[in-house]
Amino acid sequence: MEAELQQQFDEMGIEPSAAVLEKCMELALTYSINDATEFVEQWMAFSLSHLNGDEPTNENLGEFERKVLQVKREKVGNKKTTHYTKSQPAALEASSLATYGLIEDDPMMDEYVGKSGSPQPKTPKALNKQSRLKSGAAFSPASFTPQSAKRTPAADVATTNGKPGDIVDSFGHPKLIAACTWQSKIEQTLPVVQKLLHNDAPLTISNLRYMNDLLYDRCDELHDRIVDIGQALVEKKLGSTGAAECSWYPQDRHTLDALHVLHAVGMIHSDDDGPLDAHSALLAVLNTDEKCLALNFSQIKSASIFPGQVVLAKGFIPRGDTFVVEEIYTDRKLTPPPPLKVDRDVHFVVAAGPYTHSTDLFYDPMHQLLKYLLEHRPDVLLLTGPFLDAEHKLVVELAETFESFFEKMIAGIMEAVGTSTTVLLVSSQKDAMTPAVYPTPSPMVRKTYPNLHMLPDPSLVDLDGITLGVSSTDVIDHLLSQEFAANAGERMHRAINHLFNQGTFYPICPPADENMSYDSQLAQKYAQLKQLPNVLILPSDQRHFIRLVNDCLVINPGRLADNKGGTFARFLVTPTAPTATSNANMFNSVACQIQRI
């Protein structure tokens, strides 16, 4: 036991004296603490809460004994006669967080204490689902310090723009929206088929191979992007005959001086580290040893470009390496969404993380969403990460592993939605329990549920005739923060079109977020957008929106936890809309609303 205690203290960066170790041994034996890890964790919790993290001394250990161990033994003795059977004292002795005032000593937590002594996602038989959701226990992780016990007041997240339940955006024919009950009429489970595959397999932890993104592989991938997308741009704008009649860069200097109109295919880059602007845009062209062309936009009427975008440019080179752009083409021929093949109404609910406020870990917005699900019972629930944001200021104070807390969250969600709702959970590189790489594999869960599908980021799935695309990465915000646009139309519409025309879920190069670990080899395998889906979910910090772009319904449901008032999306896909015409389209087949939580 002494060696184990010494090892545990060493892992915490503490070097106790022989006398302190002897005192720890004495306390462990006296209070029947047989696990050195448990003893040291209890000491650390006490030290952080009462001693500002001081190291153990004989005096501090005496105070620890009086305020924790003795109080704990007294509470255990009382609870044995009031709440528990004789088979449960071990669980009580192991559950000590309430002793420090970190978790309230209440029957709800008592019910959640299992034989191992740690909170477990068990169902208290005496409480129904609504009361468990109200308590918030299922999503409140153990913590070493009391700060996480400060619940965010509702007033701090209230909004002057409306109240919970308000509809803030809608799409679809008015008759279809008016006739929708937003509740599934029959219980049905939908088959889920993933379509972003490499070697006939989706991205998972088991086949993940990253941190091996070699420079020459990245160059090859960028070369292939310029060739493939460039050919598609030329084919749409010029055609094979027109392309043959054009003059193309590069040319020798004498020929360039004689040409008045020149075409070039290349990739946009920035001359500095900030957002792209009219003075920092460069064009990298293949098959030339010269440096990138500097783009001059003085002659152009409209443009919308960003770093990493493959474009077809038309203009001339008056001198040096400056390309005066007269027109710039970014649209290629797209593969349209497949026809909807549903034979029954399908109700969706979509929410995007974070699911708790930045000041606590009580997950109140998540509980409100689960209450809505209990009442409406959709056919499909789609949740995108982050579920436990690695940058949340209270994550470092958790007294349990990220994985164990995520397991509890999953258990609480699945218990609330039941077995008739198909649940899709999309991972996020911001989650504490997933690899910090994009594309991001889905997190592992030990317990399996027949209606739960863990999906990577990004994902493209077929739901019994409905093709659904989704990414938890905020690519819309990244695009808008990096692009240079002049007279280019509505910003959301053009950002979405960038994804479609570049044929990938994340076309920006280099990534807009400097903390984003972008793996080009994984992206080439698992982040391509070769065919438009029927519905595309793109959560963003930008204001929630619903857009129909190239017959693809694109939805930003907003963030469920938001200081301005969280939102989520719900939509219905129907084959027998009351507004159906001979020319069926998304407007007549889909009703969508964004609602405040």
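Calculation criteria
- Residues numbered from 1 in each chain as written.
- Predicted model: local features only at pLDDT ≥ 70, side-chain atom pairs only at ≥ 80, totals over all residues.
- Heavy atoms only, no water.
- Pairing = 2+ DSSP bridges.
- Helix = DSSP H or I, 4+ residues; strand = E, 2+ residues; numbered from the N terminus.
- Axes fitted to C-alpha atoms, helices over the stretch in contact; angles between N-to-C directions.
- Contact = heavy atoms within 4.5 Å.
- Salt bridge = Lys/Arg side-chain N within 4 Å of Asp/Glu carboxyl O.
- Phe/Tyr/Trp six-rings, centres within 6.5 Å; stacked < 30°, edge-to-face > 60°.
- Buried < 20%, exposed > 50% of the residue type's maximum accessible area, 1.4 Å probe, protein only.

Draft legend 1. Focus on the sheet that holds strand S16 (residues 535-537). Strand order in the open sheet formed by six strands is S2-S13-S14-S16-S18-S17, and the pairing between neighbours is mixed. The outermost strands of the open sheet, each flanked by one partner alone, are strand S2 (192-194) and strand S17 (545-549). Pairs of neighbouring strands in the sheet enclose a mean axial angle of 25°, with direction left out of account. When strand S13 (residues 459-463) meets strand S14 (residues 467-470), the two strands line up antiparallel, connected through four bridges. By the bridge assignment, Leu-460 is partnered in S14 with Gly-469. Where helix H15 (residues 491-502) meets the sheet, it contacts S16, S17 and strand S18 (552-556), and its direction lies at approximately 55° from that of S17.

Draft legend 2. Region of interest: the pattern of salt bridges. The full count for this structure, using the stated rule, is eleven salt bridges. Lys-408 serves as the salt-bridge partner of Glu-400, at 3.3 Å between the closest nitrogen and oxygen.

Draft legend 3. Inspection of the packing of aromatic side chains at higher detail. Considering all chains together, one arrives at 14 aromatic pairs under this definition. On the numbers, 5.9 Å between centres and 90° between planes, the contact of Phe-39 with Phe-64 is edge-to-face. Here Phe-39 is found in helix H3 (residues 36-50), whereas its partner Phe-64 is found in helix H4 (residues 58-82), with 25 residues between them in sequence. Looking at Phe-64, the relative accessible area reads 0%, which means it is buried. Residues Trp-43 and Phe-64 carry aromatic rings whose centres are separated by 5.6 Å and whose planes lie at 90° to one another, so their mutual orientation is edge-to-face. On the criterion of sequence distance, the pair formed by Trp-43 in helix H3 and Phe-64 in helix H4 is long-range, its members being 21 residues apart. Pair check on accessibility: Trp-43 and Phe-64 agree, each one buried.

Draft legend 4. Geometry of the pairing of strand S4 (residues 281-285). When you tally the buried positions in S4, you get five out of five residues, the bulk of the element. Here S4 shows a buried face lined by Ala-281, Leu-283 and Val-285 and a second buried face lined by Leu-282 and Ala-284. Judged from the two bridges that link them, S4 and strand S5 (residues 293-296) form a sheet pairing that is antiparallel. Paired with Leu-282 across the two strands is Ala-294, which belongs to S5.

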